[in-house]
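# Descriptive structure summary
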Amino acid sequence: MTSSADTETEYETRLLQLIARGFQFVQSTDSAGELQSIVGFRGHDNVIDVIRLESEDQVFATRMPGSEENIYAPSTILWHSGGTVYEVIDQLLELPDDHTPGSLLVATSGTTS
(Lines give C-alpha, C1' and ligand atoms only; values in the text may rest on other atoms or scores of the structure.)
Protein backbone atom coordinates (compact mmCIF):
# COMPACT_ATOMS: atom_id res chain seq x y z
CA MET A 1 0.00 0.00 0.00
CA THR A 2 1.32 3.44 -0.90
CA SER A 3 1.25 6.07 1.81
CA SER A 4 0.59 9.74 1.11
CA ALA A 5 4.26 10.44 1.94
CA ASP A 6 5.32 7.91 -0.74
CA THR A 7 2.96 9.51 -3.24
CA GLU A 8 4.30 12.96 -2.45
CA THR A 9 7.86 11.72 -2.96
CA GLU A 10 6.90 10.21 -6.33
CA TYR A 11 5.34 13.53 -7.38
CA GLU A 12 8.40 15.43 -6.20
CA THR A 13 10.76 13.07 -8.03
CA ARG A 14 8.93 13.50 -11.33
CA LEU A 15 8.61 17.27 -10.96
CA LEU A 16 12.30 17.55 -10.08
CA GLN A 17 13.12 15.57 -13.23
CA LEU A 18 11.16 18.13 -15.26
CA ILE A 19 12.91 21.01 -13.50
CA ALA A 20 16.28 19.36 -14.20
CA ARG A 21 15.34 19.38 -17.89
CA GLY A 22 14.70 23.12 -17.75
CA PHE A 23 10.98 23.36 -17.05
CA GLN A 24 9.79 26.50 -15.29
CA PHE A 25 6.49 26.45 -13.41
CA VAL A 26 3.81 29.06 -12.72
CA GLN A 27 0.53 28.84 -10.85
CA SER A 28 -2.77 29.69 -12.48
CA THR A 29 -5.43 31.05 -10.12
CA ASP A 30 -9.04 32.11 -10.50
CA SER A 31 -10.38 35.58 -9.68
CA ALA A 32 -10.69 34.60 -5.99
CA GLY A 33 -7.02 33.56 -5.87
CA GLU A 34 -7.79 29.82 -5.67
CA LEU A 35 -5.27 27.55 -7.37
CA GLN A 36 -6.67 26.25 -10.67
CA SER A 37 -3.59 24.57 -12.13
CA ILE A 38 0.17 24.49 -12.24
CA VAL A 39 1.69 25.07 -15.66
CA GLY A 40 5.23 24.13 -16.62
CA PHE A 41 6.98 25.08 -19.83
CA ARG A 42 10.36 24.91 -21.51
CA GLY A 43 11.66 25.92 -24.87
CA HIS A 44 14.50 23.88 -26.36
CA ASP A 45 15.95 23.27 -29.77
CA ASN A 46 13.06 24.13 -32.10
CA VAL A 47 10.11 23.17 -29.86
CA ILE A 48 8.22 24.23 -26.74
CA ASP A 49 6.91 21.70 -24.21
CA VAL A 50 4.02 22.64 -21.91
CA ILE A 51 2.48 20.61 -19.07
CA ARG A 52 -0.69 21.62 -17.21
CA LEU A 53 -1.50 19.89 -13.90
CA GLU A 54 -5.11 20.43 -12.85
CA SER A 55 -5.37 17.44 -10.49
CA GLU A 56 -3.71 14.05 -10.00
CA ASP A 57 -5.92 12.58 -12.73
CA GLN A 58 -6.14 15.59 -15.04
CA VAL A 59 -2.76 16.38 -16.51
CA PHE A 60 -2.14 17.51 -20.08
CA ALA A 61 1.12 17.96 -21.98
CA THR A 62 1.80 19.37 -25.42
CA ARG A 63 4.83 19.75 -27.67
CA MET A 64 4.59 22.47 -30.29
CA PRO A 65 6.91 24.25 -32.70
CA GLY A 66 9.07 26.96 -31.13
CA SER A 67 7.45 29.49 -33.46
CA GLU A 68 4.04 29.25 -31.74
CA GLU A 69 2.78 32.64 -30.62
CA ASN A 70 0.34 31.38 -27.96
CA ILE A 71 1.56 28.37 -25.97
CA TYR A 72 -1.83 28.06 -24.24
CA ALA A 73 -3.71 27.68 -27.56
CA PRO A 74 -1.19 26.52 -30.19
CA SER A 75 -2.20 26.35 -33.82
CA THR A 76 0.19 23.43 -34.46
CA ILE A 77 0.65 20.48 -32.09
CA LEU A 78 3.46 17.98 -32.60
CA TRP A 79 2.49 15.76 -29.64
CA HIS A 80 -0.22 15.80 -26.98
CA SER A 81 -1.11 13.57 -24.07
CA GLY A 82 -3.60 13.59 -21.23
CA GLY A 83 -4.02 11.35 -18.22
CA THR A 84 -2.71 10.94 -14.71
CA VAL A 85 0.24 12.90 -13.40
CA TYR A 86 2.42 9.78 -13.55
CA GLU A 87 1.44 8.76 -17.09
CA VAL A 88 1.83 12.18 -18.64
CA ILE A 89 5.08 13.16 -16.93
CA ASP A 90 6.62 9.79 -17.82
CA GLN A 91 5.56 10.20 -21.47
CA LEU A 92 6.89 13.75 -21.55
CA LEU A 93 10.23 12.63 -20.11
CA GLU A 94 10.46 9.94 -22.81
CA LEU A 95 10.19 12.42 -25.70
CA PRO A 96 13.42 12.98 -27.63
CA ASP A 97 15.33 16.13 -26.74
CA ASP A 98 17.27 16.47 -29.95
CA HIS A 99 16.11 18.14 -33.13
CA THR A 100 17.03 15.39 -35.56
CA PRO A 101 14.72 15.71 -38.59
CA GLY A 102 11.55 13.73 -37.96
CA SER A 103 12.35 12.84 -34.35
CA LEU A 104 9.90 15.38 -32.96
CA LEU A 105 6.98 14.15 -35.02
CA VAL A 106 5.99 11.35 -32.67
CA ALA A 107 2.59 9.71 -32.52
CA THR A 108 -0.04 11.20 -30.25
CA SER A 109 -0.44 9.16 -27.10
CA GLY A 110 -2.92 9.19 -24.25
CA THR A 111 -6.14 11.09 -24.71
CA THR A 112 -6.38 14.17 -26.84
CA SER A 113 -8.40 17.17 -25.91
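Structure first, text after, so check above.
One structure accompanies this document, and this report is about it.

Analysis parameters
- Residues numbered from 1 in each chain as written.
- Predicted model: local features only at pLDDT ≥ 70, side-chain atom pairs only at ≥ 80, totals over all residues.
- Heavy atoms only, no water.
- Pairing = 2+ DSSP bridges.
- Helix = DSSP H or I, 4+ residues; strand = E, 2+ residues; numbered from the N terminus.
- Contact = heavy atoms within 4.5 Å.
- Axes fitted to C-alpha atoms, helices over the stretch in contact; angles between N-to-C directions.

### Some thoughts on the pairing of strand β2 (residues 35-44)
It is a general feature of regular strands that their side chains alternate between the two faces of the sheet. Relative to β2, strand β1 (residues 24-29) is paired through six bridges, and the arrangement is antiparallel. When the sheet's bridge partners are listed, Q27 is paired in β2 with I38. Two successive antiparallel strands, β1 and β2, enclose a turn made up of five residues, where G33 displays a positive phi of approximately 85°. Sheet topology note: the β2/strand β3 (residues 47-55) ladder contains seven bridges and is antiparallel. When the sheet's bridge partners are listed, R42 is paired in β3 with D49. Counting the residues that bridge the hairpin from β2 to β3 gives two residues, and of these D45 lies at a positive phi of roughly 45°.

### Some details on the environment of S37
Mapped onto the elements, S37 comes out in strand β2. For the pair S37 and Q27, spaced 10 residues apart in the sequence, the C-alpha separation amounts to 6.1 Å. The residues contacting S37, other than those within four sequence positions of it, are V26, Q27, S28, R52, L53 and E54.

### Topic: the sheet that holds β3
Taken in spatial order, the five strands line up as β1-β2-β3-β4-β5 in an open sheet, and their pairing is antiparallel. Lying at the two open borders of the sheet, with one neighbouring strand each, are β1 and β5 (79-83). On average, each strand axis in the sheet is inclined to that of its neighbour by 15°, with strand direction left out of account. Packed onto the sheet, helix α2 (residues 85-94) meets β3, β4 (58-65) and β5 and runs at close to 160° relative to β5.

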